[in-house]
Amino acid sequence: MYFELKKICERPSLWAEYTAESLWTHPDTAPGMLDFHLNSELDIASRRAVSIDATVDWLTSRFGVDIALCDLGCGPGLYCSPLAEQGMRVTGVDFSRHSLAHARRRASRRKLTARYIQANYLDWQPDSRFDLVTLIMCDFCALSPTQRQQLLANIRRYLKPDGHLLLDVYSIEAFAIKEERCEVEHNQLNHFWARDDYYALVASFVYPQERVSLDRYSIFEANGQERTIYNWLQYFTPLELKQELAQAGFETVNLLSDLTGKPYQPGSTEFAVVCRQMSS
Ligand SMILES: C[S@@+](CC[C@H](N)C(=O)[O-])C[C@H]1O[C@@H](n2cnc3c(N)ncnc32)[C@H](O)[C@@H]1O
(Lines give C-alpha, C1' and ligand atoms only; values in the text may rest on other atoms or scores of the structure.)
Protein backbone atom coordinates (compact mmCIF):
# COMPACT_ATOMS: atom_id res chain seq x y z
CA MET A 1 0.00 0.00 0.00
CA TYR A 2 2.84 2.41 0.95
CA PHE A 3 4.48 2.02 -2.46
CA GLU A 4 1.17 2.32 -4.33
CA LEU A 5 0.38 5.57 -2.50
CA LYS A 6 3.93 6.84 -3.07
CA LYS A 7 3.49 6.25 -6.81
CA ILE A 8 0.06 7.96 -6.93
CA CYS A 9 1.42 10.97 -5.03
CA GLU A 10 4.66 11.29 -7.02
CA ARG A 11 5.31 14.64 -8.71
CA PRO A 12 4.99 14.21 -12.49
CA SER A 13 7.20 16.03 -14.94
CA LEU A 14 5.77 19.32 -16.13
CA TRP A 15 2.88 19.02 -18.60
CA ALA A 16 3.37 15.21 -18.56
CA GLU A 17 -0.21 14.34 -19.55
CA TYR A 18 -3.07 16.23 -21.23
CA THR A 19 -6.41 14.82 -20.05
CA ALA A 20 -8.75 17.77 -20.78
CA GLU A 21 -10.98 15.69 -23.03
CA SER A 22 -11.59 13.13 -20.31
CA LEU A 23 -12.23 15.90 -17.74
CA TRP A 24 -14.87 17.61 -19.89
CA THR A 25 -16.43 14.77 -21.88
CA HIS A 26 -16.30 11.56 -19.80
CA PRO A 27 -19.90 10.26 -19.58
CA ASP A 28 -19.76 10.38 -15.76
CA THR A 29 -18.48 13.98 -15.50
CA ALA A 30 -20.14 15.69 -18.50
CA PRO A 31 -23.61 16.05 -16.87
CA GLY A 32 -22.06 17.48 -13.66
CA MET A 33 -19.95 19.86 -15.74
CA LEU A 34 -23.06 21.08 -17.54
CA ASP A 35 -24.75 21.69 -14.16
CA PHE A 36 -21.73 23.79 -13.08
CA HIS A 37 -21.85 25.75 -16.38
CA LEU A 38 -25.55 26.47 -15.94
CA ASN A 39 -25.35 27.46 -12.26
CA SER A 40 -25.80 31.22 -12.56
CA GLU A 41 -24.47 31.83 -9.00
CA LEU A 42 -21.10 30.04 -9.29
CA ASP A 43 -17.82 30.84 -11.07
CA ILE A 44 -17.14 27.15 -11.81
CA ALA A 45 -16.79 25.97 -15.44
CA SER A 46 -18.51 29.24 -16.52
CA ARG A 47 -18.74 32.58 -14.81
CA ARG A 48 -21.89 33.63 -12.96
CA ALA A 49 -24.73 35.11 -15.01
CA VAL A 50 -24.14 38.71 -13.96
CA SER A 51 -20.53 38.58 -15.28
CA ILE A 52 -21.59 36.88 -18.52
CA ASP A 53 -24.23 39.56 -19.15
CA ALA A 54 -21.64 42.30 -18.53
CA THR A 55 -19.19 40.62 -20.93
CA VAL A 56 -21.85 40.30 -23.65
CA ASP A 57 -22.66 44.03 -23.28
CA TRP A 58 -18.99 44.99 -23.45
CA LEU A 59 -18.27 42.71 -26.44
CA THR A 60 -21.07 44.23 -28.49
CA SER A 61 -20.03 47.77 -27.63
CA ARG A 62 -16.31 47.09 -28.30
CA PHE A 63 -16.64 45.06 -31.52
CA GLY A 64 -20.17 45.79 -32.83
CA VAL A 65 -22.62 43.04 -33.81
CA ASP A 66 -22.04 42.87 -37.57
CA ILE A 67 -19.10 40.50 -37.17
CA ALA A 68 -18.25 36.80 -37.43
CA LEU A 69 -17.30 35.46 -33.99
CA CYS A 70 -15.65 32.16 -33.15
CA ASP A 71 -15.85 31.14 -29.47
CA LEU A 72 -13.31 28.39 -28.71
CA GLY A 73 -14.35 26.15 -25.80
CA CYS A 74 -17.86 27.60 -26.01
CA GLY A 75 -19.37 25.06 -23.57
CA PRO A 76 -23.18 25.29 -23.55
CA GLY A 77 -23.09 28.58 -25.52
CA LEU A 78 -23.60 31.00 -22.63
CA TYR A 79 -21.87 33.74 -24.66
CA CYS A 80 -22.71 32.47 -28.16
CA SER A 81 -26.49 32.44 -27.60
CA PRO A 82 -26.98 36.05 -26.43
CA LEU A 83 -24.45 37.32 -28.99
CA ALA A 84 -26.26 35.46 -31.80
CA GLU A 85 -29.53 36.93 -30.52
CA GLN A 86 -28.02 40.37 -31.02
CA GLY A 87 -27.08 39.54 -34.60
CA MET A 88 -23.47 38.30 -34.46
CA ARG A 89 -22.65 35.45 -36.85
CA VAL A 90 -21.55 33.00 -34.20
CA THR A 91 -19.58 29.75 -34.37
CA GLY A 92 -18.98 27.83 -31.13
CA VAL A 93 -16.36 25.08 -30.92
CA ASP A 94 -16.13 22.55 -28.12
CA PHE A 95 -15.33 18.87 -27.71
CA SER A 96 -18.17 18.29 -25.25
CA ARG A 97 -21.11 16.72 -27.11
CA HIS A 98 -23.15 17.13 -23.94
CA SER A 99 -22.62 20.91 -23.69
CA LEU A 100 -23.11 21.43 -27.42
CA ALA A 101 -26.43 19.55 -27.29
CA HIS A 102 -27.61 22.11 -24.73
CA ALA A 103 -26.35 25.01 -26.88
CA ARG A 104 -28.05 23.62 -30.00
CA ARG A 105 -31.37 23.08 -28.18
CA ARG A 106 -31.33 26.70 -27.05
CA ALA A 107 -30.43 27.92 -30.56
CA SER A 108 -33.23 25.89 -32.09
CA ARG A 109 -35.82 27.07 -29.50
CA ARG A 110 -34.92 30.69 -30.20
CA LYS A 111 -34.44 30.18 -33.96
CA LEU A 112 -30.81 31.41 -33.79
CA THR A 113 -28.37 30.87 -36.62
CA ALA A 114 -25.51 30.01 -34.21
CA ARG A 115 -23.34 27.18 -35.56
CA TYR A 116 -21.88 24.68 -33.10
CA ILE A 117 -19.00 22.40 -34.01
CA GLN A 118 -17.78 19.43 -32.01
CA ALA A 119 -13.98 19.48 -32.32
CA ASN A 120 -10.74 19.75 -30.41
CA TYR A 121 -9.78 23.39 -30.89
CA LEU A 122 -6.08 22.50 -30.84
CA ASP A 123 -6.32 21.04 -34.33
CA TRP A 124 -9.58 22.49 -35.70
CA GLN A 125 -9.17 24.04 -39.19
CA PRO A 126 -12.25 25.96 -40.34
CA ASP A 127 -12.82 26.96 -43.95
CA SER A 128 -13.99 30.49 -43.13
CA ARG A 129 -12.39 33.46 -41.36
CA PHE A 130 -13.50 35.41 -38.29
CA ASP A 131 -13.41 39.02 -37.09
CA LEU A 132 -13.17 37.95 -33.46
CA VAL A 133 -11.92 34.77 -31.76
CA THR A 134 -12.57 34.32 -28.03
CA LEU A 135 -11.19 31.85 -25.47
CA ILE A 136 -13.02 32.56 -22.23
CA MET A 137 -12.59 31.38 -18.60
CA CYS A 138 -8.80 31.07 -18.62
CA ASP A 139 -8.68 28.02 -20.92
CA PHE A 140 -5.39 29.32 -22.33
CA CYS A 141 -3.83 28.52 -18.92
CA ALA A 142 -4.73 24.83 -19.17
CA LEU A 143 -2.46 24.39 -22.21
CA SER A 144 1.28 23.65 -22.27
CA PRO A 145 3.58 26.22 -23.93
CA THR A 146 3.75 24.00 -27.04
CA GLN A 147 -0.05 23.67 -27.21
CA ARG A 148 -0.46 27.43 -26.74
CA GLN A 149 1.86 28.14 -29.65
CA GLN A 150 0.05 25.53 -31.77
CA LEU A 151 -3.33 27.09 -30.96
CA LEU A 152 -2.13 30.65 -31.65
CA ALA A 153 -0.61 29.57 -34.99
CA ASN A 154 -3.95 27.97 -35.96
CA ILE A 155 -5.93 31.05 -34.91
CA ARG A 156 -3.72 33.23 -37.13
CA ARG A 157 -4.90 31.16 -40.11
CA TYR A 158 -8.59 31.79 -39.50
CA LEU A 159 -8.56 35.29 -38.04
CA LYS A 160 -9.15 38.01 -40.61
CA PRO A 161 -6.07 40.24 -41.09
CA ASP A 162 -7.72 43.05 -39.10
CA GLY A 163 -9.48 40.67 -36.66
CA HIS A 164 -9.01 40.40 -32.89
CA LEU A 165 -8.33 37.64 -30.37
CA LEU A 166 -9.68 38.00 -26.84
CA LEU A 167 -8.59 35.75 -23.97
CA ASP A 168 -8.31 35.81 -20.20
CA VAL A 169 -5.71 34.21 -17.92
CA TYR A 170 -4.80 33.64 -14.27
CA SER A 171 -2.22 36.05 -12.85
CA ILE A 172 0.77 35.35 -10.63
CA GLU A 173 -1.32 36.66 -7.70
CA ALA A 174 -3.51 33.56 -8.14
CA PHE A 175 -0.37 31.37 -8.19
CA ALA A 176 0.80 32.86 -4.87
CA ILE A 177 -2.09 31.21 -3.01
CA LYS A 178 -1.62 27.71 -4.51
CA GLU A 179 -0.38 25.06 -2.06
CA GLU A 180 0.91 21.51 -2.33
CA ARG A 181 -1.26 18.90 -0.61
CA CYS A 182 -2.53 15.37 -0.88
CA GLU A 183 -6.05 14.43 0.26
CA VAL A 184 -8.47 11.56 -0.06
CA GLU A 185 -12.22 12.15 -0.34
CA HIS A 186 -15.06 9.68 -0.53
CA ASN A 187 -17.42 10.40 -3.47
CA GLN A 188 -15.82 13.83 -3.83
CA LEU A 189 -18.18 16.66 -4.89
CA ASN A 190 -21.28 14.59 -4.41
CA HIS A 191 -20.51 11.89 -7.03
CA PHE A 192 -19.13 14.38 -9.56
CA TRP A 193 -16.49 11.90 -10.83
CA ALA A 194 -18.56 8.71 -11.00
CA ARG A 195 -22.04 7.39 -10.33
CA ASP A 196 -20.62 4.34 -8.54
CA ASP A 197 -19.04 4.58 -5.07
CA TYR A 198 -15.42 5.88 -5.27
CA TYR A 199 -12.46 7.48 -3.54
CA ALA A 200 -10.75 10.50 -5.10
CA LEU A 201 -7.11 11.09 -4.22
CA VAL A 202 -6.24 14.69 -5.02
CA ALA A 203 -2.52 15.48 -5.24
CA SER A 204 -1.71 19.18 -5.78
CA PHE A 205 1.70 20.37 -6.92
CA VAL A 206 3.30 23.72 -7.66
CA TYR A 207 6.21 24.32 -10.04
CA PRO A 208 7.52 27.67 -8.76
CA GLN A 209 10.11 28.29 -11.43
CA GLU A 210 7.68 27.84 -14.32
CA ARG A 211 4.69 29.20 -12.35
CA VAL A 212 2.49 26.21 -13.10
CA SER A 213 0.15 24.32 -10.76
CA LEU A 214 -1.29 20.84 -11.08
CA ASP A 215 -4.30 19.27 -9.37
CA ARG A 216 -4.18 15.58 -10.18
CA TYR A 217 -7.31 13.58 -9.43
CA SER A 218 -6.91 9.80 -9.14
CA ILE A 219 -10.35 8.17 -9.08
CA PHE A 220 -10.79 4.63 -7.75
CA GLU A 221 -14.29 3.20 -8.20
CA ALA A 222 -15.87 0.33 -6.28
CA ASN A 223 -16.35 -1.49 -9.59
CA GLY A 224 -12.57 -1.56 -10.09
CA GLN A 225 -12.40 1.23 -12.68
CA GLU A 226 -9.63 3.80 -12.24
CA ARG A 227 -8.77 7.01 -14.04
CA THR A 228 -6.50 10.00 -13.56
CA ILE A 229 -7.21 13.61 -14.51
CA TYR A 230 -4.47 16.24 -14.74
CA ASN A 231 -5.62 19.82 -14.27
CA TRP A 232 -2.59 21.97 -15.17
CA LEU A 233 -2.65 25.77 -14.95
CA GLN A 234 -0.12 28.32 -16.13
CA TYR A 235 -0.06 31.75 -14.40
CA PHE A 236 1.08 34.90 -16.20
CA THR A 237 2.29 38.42 -15.62
CA PRO A 238 0.95 40.89 -18.20
CA LEU A 239 4.46 41.21 -19.63
CA GLU A 240 4.92 37.43 -19.98
CA LEU A 241 1.57 37.07 -21.74
CA LYS A 242 2.28 39.98 -24.08
CA GLN A 243 5.68 38.46 -24.94
CA GLU A 244 4.22 35.01 -25.56
CA LEU A 245 1.53 36.49 -27.82
CA ALA A 246 4.12 38.58 -29.66
CA GLN A 247 6.22 35.46 -30.26
CA ALA A 248 3.15 33.97 -31.99
CA GLY A 249 2.59 37.11 -34.09
CA PHE A 250 -0.01 38.94 -31.96
CA GLU A 251 0.21 42.50 -30.73
CA THR A 252 -1.67 43.30 -27.49
CA VAL A 253 -3.94 46.29 -27.97
CA ASN A 254 -5.88 46.27 -24.68
CA LEU A 255 -4.83 45.01 -21.25
CA LEU A 256 -7.94 44.52 -19.11
CA SER A 257 -8.87 43.54 -15.58
CA ASP A 258 -11.58 41.23 -16.80
CA LEU A 259 -13.90 40.56 -19.72
CA THR A 260 -16.16 43.49 -18.94
CA GLY A 261 -13.63 45.88 -20.46
CA LYS A 262 -12.28 47.43 -17.21
CA PRO A 263 -8.66 48.61 -17.56
CA TYR A 264 -6.05 46.34 -15.94
CA GLN A 265 -5.56 46.72 -12.16
CA PRO A 266 -2.38 45.23 -10.68
CA GLY A 267 -3.10 42.66 -7.97
CA SER A 268 -6.11 40.96 -9.49
CA THR A 269 -6.04 37.17 -9.76
CA GLU A 270 -7.12 37.22 -13.43
CA PHE A 271 -6.72 39.58 -16.37
CA ALA A 272 -7.57 39.66 -20.04
CA VAL A 273 -6.13 40.90 -23.31
CA VAL A 274 -7.41 41.94 -26.71
CA CYS A 275 -4.81 41.42 -29.40
CA ARG A 276 -4.52 41.53 -33.17
CA GLN A 277 -2.19 40.02 -35.71
CA MET A 278 1.05 41.78 -36.41
CA SER A 279 1.44 42.39 -40.08
CA SER A 280 4.09 40.04 -41.46
C1 LIG B 1 -13.73 26.44 -18.42
S2 LIG B 1 -14.93 25.91 -19.62
C3 LIG B 1 -15.41 27.44 -20.30
C4 LIG B 1 -16.64 27.38 -21.15
C5 LIG B 1 -17.06 28.72 -21.77
N6 LIG B 1 -15.95 29.37 -22.43
C7 LIG B 1 -17.63 29.61 -20.69
O8 LIG B 1 -16.89 30.44 -20.16
O9 LIG B 1 -18.83 29.47 -20.41
C10 LIG B 1 -13.88 25.19 -20.86
C11 LIG B 1 -14.62 24.66 -22.06
O12 LIG B 1 -13.69 24.36 -23.08
C13 LIG B 1 -13.90 23.07 -23.59
N14 LIG B 1 -12.56 22.59 -23.98
C15 LIG B 1 -11.45 22.48 -23.20
N16 LIG B 1 -10.40 22.10 -23.93
C17 LIG B 1 -10.86 21.95 -25.22
C18 LIG B 1 -10.23 21.57 -26.43
N19 LIG B 1 -8.93 21.25 -26.49
N20 LIG B 1 -11.00 21.53 -27.56
C21 LIG B 1 -12.32 21.84 -27.51
N22 LIG B 1 -12.97 22.20 -26.38
C23 LIG B 1 -12.24 22.26 -25.25
C24 LIG B 1 -14.55 22.29 -22.47
O25 LIG B 1 -15.34 21.22 -22.97
C26 LIG B 1 -15.39 23.38 -21.81
O27 LIG B 1 -16.66 23.47 -22.39
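Everything here concerns the structure above.
The structure contained in this document is the topic of the report that follows. As the structure is a computational prediction, the values presented were derived from the model and not from experiment.

**Topic: the nonpolar core**
Ranked by size, the top nonpolar core spans 51 residues in total, and within it Cys-80, Leu-83, Val-133, Leu-165, Leu-167 and Val-169 carry the most contacts. Take this core: its biggest share by element is six residues, from strand β5 (residues 159-171). When sequence neighbours within four positions are dropped, the list of residues in contact with Leu-167 reads Leu-135, Phe-140, Ala-272 and Val-273. In this structure, Trp-193, Tyr-198, Ile-219 and Ile-229 belong to the second largest nonpolar core, which totals six residues.

**Observations regarding unusual backbone geometry**
Unlike most non-glycine residues, Trp-15 shows phi in positive territory, near 60 degrees. Checked against the element boundaries, Trp-15 lands in the loop between α1 (2-8) and α2 (20-25). Given 18 C-beta atoms within a 10 Å radius, Trp-15 is considered partly exposed. At Ala-45, a position not held by glycine, the phi torsion is positive, near 70 degrees.

**Describing the packing of helix α3 (residues 30-38) against helix α6 (residues 97-109)**
The interhelical angle for the contact between α3 and α6, taken along N-to-C directions, is 45 degrees, at an axis separation of 9 Å. Viewed along their axes, α3 and α6 adopt a mutual orientation that is oblique. Listed contacts from α6 to Ala-30, Pro-31, Leu-34 and His-37 of α3 are His-98, Ser-99 and His-102. Residues belonging to the contact of α3 with α6 are distributed by class as follows: three nonpolar, four polar and no charged.

**Some remarks on the pairing of strand β11 (residues 270-277)**
Most of β11 is tucked away: six of the eight residues are buried. Summarising the sheet, β5 and β11 pair through seven bridges and their orientation is antiparallel. Bridged to Leu-165 within β11 is Cys-275. Taken together, the six bridges between strand β10 (residues 250-256) and β11 define a ladder with antiparallel strand orientation. Each residue of the ladder has a partner; that of Thr-252, found in β11, is Cys-275.

Rules and cut-offs
- Residues numbered from 1 in each chain as written.
- Predicted model: local features only at pLDDT ≥ 70, side-chain atom pairs only at ≥ 80, totals over all residues.
- Core = buried A, V, L, I, M, F, W, Y, C linked by C-beta atoms within 7 Å.
- Buried ≥ 20, exposed ≤ 12 C-beta atoms within 10 Å, placed from the backbone.
- Helix = DSSP H or I, 4+ residues; strand = E, 2+ residues; numbered from the N terminus.
- Contact = placed C-beta atoms within 7 Å.
- Axes fitted to C-alpha atoms, helices over the stretch in contact; angles between N-to-C directions.
- Parallel < 35°, antiparallel > 145°, perpendicular 65-115°, else oblique.
- Nonpolar A, V, L, I, M, F, W, Y, C, P; charged D, E, K, R; others polar.
- Pairing = 2+ DSSP bridges.

That is the geometry; function is a separate question.
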